[in-house]
Every structure is written in C-alpha cells, then in structure tokens.
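# Reading the structure
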Amino acid sequence: MIPLRLLVRPSIQAAESLNQFLQRASGLNRLRSPTELLALAGLPSLAPWRRCNLATLASLLHMEEPGPLEAAALWPRPGTVRAVAFGQIEVPSWAVNFSRSRICPACVFEAGAGQRIWELCAVTACPNHCTPLVDACACGRALSFNRPSLAICRCGRDIEISTAVSTGQTVATARTLADLARGIRPGGVAPVASLTGALRLLRFGMAAGHVEAASRRSATISKPDVATVAARLEMSADILLDWPGGLHRLLTENARNTPGKVGLEATFGTFVQRLRAALSEPEFVPIADEVRNWLGTRVDAPIIKGWSFFRPRAVAASRLTARQAADFLSVAPTRIATLVQDGLLEGGILPMGQRRAVLVEIDSIKCLLAQRSPFLTASAAARALGASRRQIRDLGRRGLLRPPDSSGALYGRSYQASYLDAFAFRLSSLARLPTGDALVRLSEVSLLRRIRLSEVLAAVLAGEVSLVAVPTTAPGTPILGRYAVAVSDTYRLRYRPEGAALGAARAAQQLGISQRMIPILVRAGCLDPASVAEGHTTRGVTAESVQAFPRRYVLASVLARARGTSTRAIATRFARAGLKPVVETNSAQGISAVWLAEAVERVLGE
C-alpha cells in the first residue's frame, strides 16, 4: 500500500511552534483545520501540547524523522506538568497561553510562518512591527487554535493587520523576552539569567499592585486577553526593563508605613511575604541583594533582624537600634529607652508586633559621647585598675573608691578618670620597697580565694598592712598590678579581735542547719557577727558564738528528734505553756523554730 502523503509538504521553521506549523500546513493543503491533519496521521487533537509519537505525522509530511516536530512542540517536561518545552529551553506552564491563539498578521503575510514567542502570555506586541498582537477576529470570536490557516479565522475571514501602535513598554518587553529566548541577554535590564527568570519577575510585578489574592489570580493565572495584559505590563514592566529604578519604584509604592509602627510587616504588609517567596530562587540572588541595599537606606533599616532574609549587608541609615546604641555608650540596652524618654537622646519608641522598637539618632549619640569624654565606663575602669567590675563595685560600696557618677541616667555606670588617678596616687604614697617576704600582687588577691580585694585594700589604707611597690617594665600595667602585699598578711586578716571568724557555710555545717538560717540567727541575736574596726566587715559570725549556741538555744527539729515526736507537737505544747520562740517557724522557707534552752528545760521539767 502506498503511504499517504500531503501534496504540499512545507518544512518547519526554527522559530515557530508545532501548533503554528500545523495551522500553516493545513492551510496550504486546503484542509479544514489542524485537527483534520492530525486525524490523517492518526494523532489526537492535543498532540501539539501532549507528548505522543509523531512518526506518522513526519511520514505524512515526507520528513525523514520526527525530531524537528518534537522540538517545536510545547510538551510538558518528563515527570512534571509545571514546565513545558520551549524550543531548546523550557518555561513555566503558566507562562504559555493555551486558551487563546495570538499572531502578528504582518509577520505572517511577510514570512508566511508564525513565531513561538507569540505563545507567551507576557508578549503582547510584535517586536518587529511594534503593533499589538491579534487574538480576536472582526467577527468577535477569539482566535482558535483549530482554524483553517494561520491568518484565517474559523469564520472564514482573513485576520486583519492591526493599525494600532503598541506602547514602548510592551514592545521593549517583547524584544527582551525574544532575546532571552535566543540566549541573548540584553543590557539595562534586571540581572536575570534566563527567560524563565524574566517571566517570573514580570509575573510578580503584575501581581504586586493587587492586595487581594483573588485580584492577583486574575492578573496572572486567568490568561486574560492581549489588551488587558498590555495594560498591566504598562504599569509593571519597569521591574524588568528599568534596572534598578523599576524595582525601587515598586518597593516605594508598596511601602505603606503604618502610623506608629515599624518593621517589615508594618511597612509592607503581605507584600514582603510574597516578595520573599518570589526571590527565594537562586537565580534571583542579585535582585534580592538590591532589595537589601535599598532597605539599608531607610531610617528604620536597623530594626531588621539579623536572621531576616532581607537583612541589609550595610546599613546607611541615620538611626541605631537600642542594642547598637547601648554598645556605643557601654550601657544596658534597656537604659536606652529611658534616655530617649528623658530627652537625653533623640529618637523614638514605636510598637513592633508584640514588642517595641527603640530607634536613636546617631548624631545625638555622638553628642552624648562628647559629654562623657572625661568619664570611663565600668569595664574601662576595671581594666585600668586591674580588677573585675564586681570588685570595683565592692570598692565603691566600702568607700575605698569614689562611686559611679551621680548622673547615672546620663552616663550609665561610669567613673571619672581623675578618681582613678587620685586612687593610684594614694597607693603610691603608701608603698615601700620590697622585702624578702612572699608577696602577692593586689590584682591577683582574688586568686587566693580566701579574702576579698576590698578587705586587703581597706587594711592597706588603714595602715594595718604594708604595701609593697613591685618593679615592672611591662607597658600598660594596671594600677593594682604595680603593688603587692605579704601573703602572711592575707592569712592574718581572716582573724578578728573577737576570735576566729567563720563563714556562713562553715557555721551552718557546725550547727547542722541550713545556710539560710545563719543571717536569721544573727538578726535574732543568737549569733554574733564577726566585725572589727570601721572599714573591716565580713558576712561571717564569730566562732565563740557558734560554740555557745547549743548551750543557749534549742532547735525545734533537734528537740523533736530527741523526744520522738513532731515539731508541730512541740510547738503546740510550748504555746499552751506560754513560751514564745526566739525565731518563729517558717516551713515554706525551711526555717525551724528556736527557743531558749533554759526556758525549754523549765517547761519540760514541770
């Protein structure tokens, strides 16, 4: 049997789609539609868009193999329906208009063939003739894919050449997309590496102006006609064509600036979430960086969190957050809000979600730093002295070092440099030449772990302990690193005129009670605090009072164990006898009642 062959067997053009080629071939052979041509080859009507074997169609067209036909088909990529083949590349399936056919009649009459680029929804104008693409006939019908010929409507009319002139935006968009489809990257456009990237960017730009999800769907998914898409491109194509001005204008238009609130959500609303989703692809890294750079120029840029996708690389704003300002001033971040409220710093406190954002003008911080120049922060004073911040606070409480400046609201916890100079001069006047005794530097006293630095310095300033000047050649040696005391003196300072002093932990261990009871017994007069001359105090108690405690007092817990009863029964019996404890029971805090031993013996002996 002789195989069926068409009388007119055209060759497929590199720039046309399979659907356009079938329309052209059916018209040349006087067939009613491409469906009839596909039926002759035994193929379904959806063959241009659904993968199938085109060998019979190639034989019908007297082609050696179906490869050129398959390359022109807009078939889904294997394993997915989200992308379709588009020549040698692929594009998202939503970017192709499968519902309305569109052509440029002038191109068809001149070249006799169509162009694959017309299949894209974002192409609404002919790049060559600068006229709108035609997607409807004069009869009022939309152009069908299943029409007699490429330039003939199903009604039989020739599709007329449009006399209208497309806008510069739509023509420039069509030319840019056509260049990207050929692998050419035009200059002056957004840094997208592929046709797919450009289509995604245009899609986001067209939907960006719509707040409601339904309107965004109609703008991008419903595949509107050419005129509607062209009108939307006119307003949004700058995001692709004008780089980076178009992106900046889009960000500015969507920055709503909710009064009294700051933050990305308050500024952009749901737009920032859609922008984040749109720019999450690796090909949009340059565009995302440009968004970050733009955000870095805003006055509220500092409050963008470090983990945020849009955190600017460098912030050129004139404001700082509370934490950044606190680092400059060496104060706690919570103090910055107080300084702003008191008018000492210029800035504002605005709500940011469930929290608040404190923004401070950089110039006001510089002015405050200039006022604080004669002062040292607690950390700087500690480094100059050769001690810790806790140690210099202890020195201030004991009156050995001038306390922080009284205007703490303005300067934070700061020390005047002249105070440290006076303290150093005071030590130098007391120092003498070293002897043969074992010495320990004042800066290393805390390493002994048996006496406080403040206790040693108090004894030195009172003349009870000799101070030794230590020769040093190291530059920048702190004040306390230049002087030392004898190690034997540190042992001697642990003993007081009233007897050996015991710490709270040691005293509690000897008495068999909890450490929390020691200060309660001291306040009740049951134990004597260890104290000597003014300037020498300790939190311990005298060993003598600890040794005398079991003879003078009785604990309810001890008495209950000795008599095989409960503390509650003991307390009830003593209450009936009118005996009041020296220390009341507090079971919530673990405090046992304490009675005078003499009174207890009298009640129990009755």
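Residues numbered from 1 in each chain as written. Predicted model: local features only at pLDDT ≥ 70, side-chain atom pairs only at ≥ 80, totals over all residues. Heavy atoms only, no water.

The helix and strand tally for the chain stands at 29 helices and 17 strands. Looking at the chain as a whole, 47% of its 606 residues qualify as buried. Taking the intrachain contacts of the chain between residues at least 6 apart in sequence as the baseline, contacts between residues at least 24 apart amount to 59%. (Helix = DSSP H or I, 4+ residues; strand = E, 2+ residues; numbered from the N terminus. Buried < 20%, exposed > 50% of the residue type's maximum accessible area, 1.4 Å probe, protein only. Contact = heavy atoms within 4.5 Å.)

Time to look at the confidence of the model for the chain. With 89% of its residues at a pLDDT of 70 or more, the chain has an overall mean of 83. A low-confidence stretch, residues 405–412 stays under pLDDT 50, and its non-local contacts, those more than four residues away or across chains, total 19 contacts. With pLDDT under 50 throughout, residues 532–537 is counted as low confidence; its partners more than four residues away or in other chains account for 14 contacts. (pLDDT = per-residue confidence, 0-100.)

This paragraph deals with the sheet that holds strand β11 (residues 483–486). Across a sheet, paired strands are connected by hydrogen bonds in the backbone, their directions being either parallel or antiparallel. The strand order β8-β10-β11-β9 describes an open sheet built from four strands, whose pairing is mixed. Bordering the open sheet on either side are β8 (431–432) and β9 (439–441), each of which pairs with just one other strand. As paired elements, β9 and β11 share three bridges and run antiparallel to each other. Bridge pairing in β11 links L439 to A486. (Pairing = 2+ DSSP bridges.)

Residues L7, V8 and L28 make up a contiguous nonpolar surface patch of roughly 310 Å² in combined accessible area. The topology assignment puts L7 in the segment before α1 (18–28). (Patch = residues over 30% accessible without salt bridge, like charges linked within 9 Å, V, L, I, M, F, W, Y side chains within 5 Å. Areas by Shrake-Rupley, 256 points an atom, 1.4 Å probe, with all protein chains shown as cover. Salt bridge = Lys/Arg side-chain N within 4 Å of Asp/Glu carboxyl O.)

Right, let's get into helix α29 (residues 597–605). All buried positions along α29 are accounted for by A597, A599, V600 and V603. When α29 is viewed along its axis, its buried side chains cluster within an angular range of 160° and face the same direction. Among the exposed residues of α29, those pointing more than 90 degrees away from its buried face are E598, E601 and G605. (Arc of directions from axis to C-beta.)

Turning our eyes to something else, we now look at the state of the cysteines. A full pass over the atoms with the stated rule returns zero disulfides. Lacking any disulfide linkage, C153 is separated from the closest cysteine sulfur, that of C155, by 3.7 Å. According to the relative accessible area criterion, C153 is buried, its value standing at 2%. (Disulfide = S-S within 2.5 Å.)

The nonpolar side chains of a soluble globular protein tend to be buried with one another. By size, the foremost hydrophobic cluster in this structure holds 65 residues, and its most contacted members are L120 and L177. Broken down by element, this core gets its largest block of residues, eight residues, from helix α7 (residues 195–208). The residues contacting L120, other than those within four sequence positions of it, are F86, V91, A95, V96, R102, L195 and L199. L385, F423, I451 and L461 belong to the second-largest nonpolar core, a separate cluster that totals 32 residues. (Core = buried A, V, L, I, M, F, W, Y, C linked by side-chain atoms within 4.5 Å.)

Attention shifts here to the pattern of salt bridges. In this structure the tally under the stated criterion is eight salt bridges. Between R100 and D135 there is a salt bridge whose closest N-O contact spans 3.3 Å. Of the two residues, R100 sits in the loop between β2 (89–92) and α5 (105–111) while D135 sits in the loop between α5 and α6 (168–181), which places them 35 residues apart along the sequence. For R100, a relative accessible area of 23% translates into the label partly exposed. Between D289 and R292 there is a salt bridge whose closest N-O contact spans 2.5 Å. Within this pair, D289 and its partner R292 are both found in helix α14 (residues 285–295), separated by three residues, close to a single helical turn. When its relative accessible area of 23% is taken as the criterion, D289 is described as partly exposed. Residue classification places R292 among the buried positions, given a relative accessible area of 7%.

Another aspect to go through is the sheet that holds strand β4 (residues 347–352). Within the open sheet, the three strands sit side by side as β3-β5-β4. Their pairing is antiparallel. The sheet terminates laterally at β3 (319–321) and β4, the two strands that pair on one side only. On average, each strand axis in the sheet is inclined to that of its neighbour by 30°, with strand direction left out of account. Inspection of the sheet shows β4 paired to strand β5 (residues 355–361) by six bridges, in the antiparallel sense. The partner of I349 across the bridge, within β5, is V358. Contacts between helix α16 (residues 333–341) and the sheet are confined to β4 and β5, with β5 contributing the most and set at about 65° to the helix. (Axes fitted to C-alpha atoms, helices over the stretch in contact; angles between N-to-C directions.)

What follows deals with the packing of helix α21 (residues 417–430) against helix α22 (residues 453–461). Between α21 and α22, whose axes approach to 10 Å, the crossing angle comes to 60°. The orientation of α21 relative to α22 falls into the category oblique. Considering the relative orientation of α21 and α22, their crossing is left-handed. Side by side, α21 and α22 meet where F423, R426, L427 and L430 of the first sit next to L457, V460 and L461 of the second. (Parallel < 35°, antiparallel > 145°, perpendicular 65-115°, else oblique. Left-handed = near helix turned anticlockwise from the far one by under 90°.)

Summed over the entire model, instances satisfying the criterion amount to seven aromatic pairs. Feature note: the residues F204, F268, F271 and W294 constitute an aromatic cluster, connected by ring pairs. Over the ring of F309 we find R276, and its NZ or CZ is 4.0 Å from the ring centre. (Phe/Tyr/Trp six-rings, centres within 6.5 Å; stacked < 30°, edge-to-face > 60°. Lys NZ or Arg CZ within 6 Å of the ring centre and 35° of its normal.)

Take the environment of R147 next. By the element assignment, R147 lies in the loop between α5 and α6. Separated by 120 residues in sequence, R147 and G27 place their C-alpha atoms 8.9 Å apart. Apart from residues no more than four positions distant in its own chain, R147 is found in contact with Q23, S26, R32, S33, P34, S101, I103, I152, C153, R154 and I159. Separated by 3.2 Å, the side chain of R147 and the backbone oxygen of S149 make a polar contact. (Polar contact = N/O pair within 3.5 Å; in protein donor to acceptor, adjacent residues only side chain to side chain.)

The next subject is α21. Counted at 1.5 Å a residue, the expected span for α21 with its 14 residues is 20 Å, and the 21 Å between its end C-alpha atoms agrees. Among the residues of α21, Y419, L420, F423, A424 and L427 are the ones counted as buried. The buried residues of α21 all sit within an arc of 135° when viewed along its axis, so they share a single face. What points out from α21, more than 90 degrees from its buried face, is the exposed set D421, F425 and S429. (Expected span 1.5 Å × (residues − 1).)

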